[in-house]
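Here is how the chains run, residue by residue.
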Amino acid sequence: MAKRIGILTSGGDCSGLNATIRAITLRAIQHYGWEVFGILKGTSGLIRRPLEYIPLTVTQCDQGMVRSAGTILGSTTKENPFFFPSEDGLRVDRSDDAIEGYNDLKLDAIIAIGGDGSMRINSKLAKKGGMNLVCIPKTIDNDLAETELSIGYSTAVSVAVEALDRLQPTAASHDRVMILEVMGRDAGHIALSAGIAGGADVILIPEIPYNIESICQQIQNISKTGRNHSLIVVSEAVKTLADSSVLQGKSHNEMPRYGGVSQYLCAELEKRINADTRATILGHVQRGSQPNAQDRILATAFGVKAVDMVAAQDFGKMVIWQNNQLKSVPIESTIDIYSTVDPKGLLIQTAKGIGIYVGDL
Ligand code: F6P
């Protein structure tokens, strides 16, 4: 009997989700002859009645999908099935409805594309309902353990590098210090990689404390060499000198909403060394770009492998990228440990090796 599988995307979106959906659909239909349903808005499509899903076809998953941004299935960060918003403004447990939805659709398995938060929720739901689950890692933050790469990260870095490419000429024209603030939550991977690739003079990440005097010194030293401008990349969760994060409040899922540490640093540098400084907060443009080649390749490889894992009944697992190999590991092992930048790691040594200030180790 042909299988029927569901695909869902949950948590914050990123580049490469549609390429993943395409790869899963093509592999499942063309190679195995299965049916594929796209569940809309994460697990919410299984909770709402009538059920919200679309049958996915080979025709629909054409080449346009490999290059498109966003997710054709939609996503959510605020509709946790165990804590689902109700019409009266309260939160209720709708996990039984999601499980019923899975059974009503007669799904043999679900492939969920998500980050740590949604992996945790989807895994809990699958265990409760006896649902067959395979996960694919996506997050621009690249902070999932076990996998060296998650979908969306490489594109986010490319976008940040492109921003630095555009900031540097205007910095040079106006003798300015340009500060670029990038996303990443508590992991400084985007800032570190983009900073190295984009020619930053200072890279600040949450994993390493910094000294404002050292930053001032770095800028002044650069001026003494005759260069009239400099570039700083700061990760959004870097703290102020008072050891607090700069927040814009909280998201619907109670996660902190970062934003503004670049403006804080801008004011500090102007005050301390009278540098003409400007801040750019890159924000969600890091998530909404066309996927770059690496993310398209990763998405396609993950998609094919995830379907093969369903065929092999390798459930409760996540596909990961390690040493140029695809492997499957228990979902728990990828979310219990948070993968941050190693302060003694290769890229920190690389940055320091060419004189970039990366904080005080
Ligand atoms: O986790 C991905 C991420 O883009 C973080 O880098 C960022 O802090 C956060 O999501 C933004 O979330 P939201 O889209 O809810 O503002």
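This one's a predicted model, so the numbers in the text were calculated from it and none came from an experiment.

K.L.:
Please explain the site of the ligand as it appears in this structure.
P.N.:
Taken together, Ile140, Asp141, Met183, Gly184, Arg185, Glu236, Ser251, His284 and Arg287 are the residues near the ligand. Asp141 places a polar side-chain atom, nitrogen or oxygen, 2.7 Å from an oxygen atom of the ligand. Taking Glu236, its side chain carries an N or O atom lying 2.5 Å from an oxygen atom of the ligand. Relative to its free-state accessible area of 400 Å², the ligand is covered by the protein chains to the extent of 80%. Split into classes, the residues belonging to the shell around the ligand amount to 2 nonpolar, 3 polar and 4 charged.

K.L.:
Is there a simple way to think about the sheet that holds strand S15 (residues 325-330) in this case?
P.N.:
Through backbone hydrogen bonds, the strands of a sheet pair up, either in parallel or in antiparallel fashion. Taken together, the 7 strands give an open sheet; going across it, the order is S3-S2-S1-S6-S7-S14-S15, and neighbouring strands pair in mixed fashion. Each end of this open sheet is capped by a strand with a single partner; those strands are strand S3 (53-55) and S15. On average, each strand axis in the sheet is inclined to that of its neighbour by 25°, with strand direction left out of account. Relative to strand S14 (residues 317-322), strand S7 (residues 133-137) runs parallel, the two sharing 2 bridges. Of the residues in S14, the one forming a bridge with Cys135 is Met318. Helix H5 (residues 116-129) rests against strand S1 (4-9), strand S6 (109-114), S7 and S14 of the sheet, and its axis sits at about 175° to S7. On top of the sheet, helix H10 (residues 293-311) reaches S1, S6, S7, S14 and S15; it is set at about 140° to S14, its chief contact.

K.L.:
Can you walk me through the layout of surface pockets in this structure?
P.N.:
Using a probe with the size of a water molecule, rolled over the atoms, empty space left in the structure can be pinpointed. In this structure, the second largest pocket spans a volume of roughly 260 Å³. In terms of lining, the second largest pocket is formed by 15 residues, of which the most central are Asn142, Glu148, His189, Val341 and Leu347. Counting only elements with at least two residues in the lining of the second largest pocket, the list comes to helix H7 (189-197) and helix H12 (346-353). Residue composition of the lining of the second largest pocket, grouped by class: 7 nonpolar, 6 polar and 2 charged. Each of two domains, domain 1 (4-151 + 291-322) and domain 2 (153-287 + 342-353), supplies a minimum of three residues to the lining of the second largest pocket.

K.L.:
Quick question: what am I supposed to make of the nonpolar core here?
P.N.:
The nonpolar side chains of soluble globular proteins are, as a tendency, buried together. By size, the foremost hydrophobic cluster in this structure holds 63 residues, and its most contacted members are Ile5, Ile111 and Ile136. If you count residues domain by domain, this core takes at least three from each of domain 1 (4-151 + 291-322) and domain 2 (153-287 + 342-353). Contacts of Ile111, omitting those with residues within four sequence positions, involve Ile5, Gly6, Ile7, Leu8, Ile24, Val134, Ile136, Ala306, Val307 and Val310. Counting 27 residues, the second largest nonpolar core, distinct from the first, contains Leu51, Met119, Cys135 and Met318.

K.L.:
Hey, could you run me through the side chain of Lys3 in this one?
P.N.:
On the secondary structure map, Lys3 appears in the segment before S1. One buried charged residue, Lys3, forms no salt bridge at all, with the nearest opposite charge on Asp108 at 5.5 Å. In this structure, Lys3 is in contact with Trp34, Glu35, Asp108, Val310 and Gln313, ignoring residues within four places of it in sequence.

K.L.:
For this particular structure, what's the right way to read empty space enclosed by the protein?
P.N.:
In this structure the tally under the stated criterion is 1 cavity of 30 Å³ or more. Of the voids in this model, the largest cavity is the one considered here, and its volume is about 40 Å³. Leu8, Thr43, Ile110, Asn122, Leu125, Ala126, Met131 and Leu133 together form the lining of the largest cavity. In terms of residues, the lining of the largest cavity owes the most to one element, H5, which gives 3 residues. Of the residues belonging to the lining of the largest cavity, the class tally is 6 nonpolar, 2 polar and no charged.

K.L.:
I tried to follow the environment of Ala200 on my own but got confused; where do I start?
P.N.:
Within the element layout of this structure, Ala200 appears in the loop between H7 and strand S9 (202-204). Residue classification places Ala200 among the buried positions, given a relative accessible area of 6%. Ignoring any residue separated from it by four or fewer positions in sequence, one finds Ala200 in contact with Gly195, Leu231, Val233 and Ile356.

K.L.:
Could you clarify how one ought to interpret the packing of helix H4 (residues 95-104) against H5 in this entry?
P.N.:
For any two helices packed against each other, one specifies the crossing angle of their axes together with the interaxial distance. Where H4 contacts H5, the axes come no closer than 10 Å and their chain directions differ by 70°. In terms of their interaxial angle, H4 and H5 are classed as roughly perpendicular. Handedness of the H4/H5 crossing: right-handed. Across the interface between the two elements, Ser95, Asp96, Ala98 and Ile99 from H4 touch Leu125, Lys128 and Gly129 from H5. Looking at the contact of H4 with H5 residue by residue, the classes come out as 3 nonpolar, 2 polar and 2 charged.

Rules used in this analysis
- Residues numbered from 1 in each chain as written.
- Predicted model: local features only at pLDDT ≥ 70, side-chain atom pairs only at ≥ 80, totals over all residues.
- Heavy atoms only, no water.
- Near = heavy atom within 4 Å.
- Polar contact = N/O pair within 3.5 Å; in protein donor to acceptor, adjacent residues only side chain to side chain.
- Areas by Shrake-Rupley, 256 points an atom, 1.4 Å probe, with all protein chains shown as cover.
- Nonpolar A, V, L, I, M, F, W, Y, C, P; charged D, E, K, R; others polar.
- Pairing = 2+ DSSP bridges.
- Helix = DSSP H or I, 4+ residues; strand = E, 2+ residues; numbered from the N terminus.
- Axes fitted to C-alpha atoms, helices over the stretch in contact; angles between N-to-C directions.
- Contact = heavy atoms within 4.5 Å.
- 1 Å grid on protein atoms, 1.4 Å probe; cavity = no way out; pocket = protein on both sides within 12 Å on 5 of 7 lines; lining within 4 Å.
- Points joined across faces, edges and corners; volume = space filled by probe spheres on them.
- Domains from an automatic or database assignment.
- Core = buried A, V, L, I, M, F, W, Y, C linked by side-chain atoms within 4.5 Å.
- Buried < 20%, exposed > 50% of the residue type's maximum accessible area, 1.4 Å probe, protein only.
- Lys, Arg positive; Asp, Glu negative; His and termini not counted.
- Salt bridge = Lys/Arg side-chain N within 4 Å of Asp/Glu carboxyl O.
- Parallel < 35°, antiparallel > 145°, perpendicular 65-115°, else oblique.
- Left-handed = near helix turned anticlockwise from the far one by under 90°.

Honestly, it's all geometry; don't read function into it.
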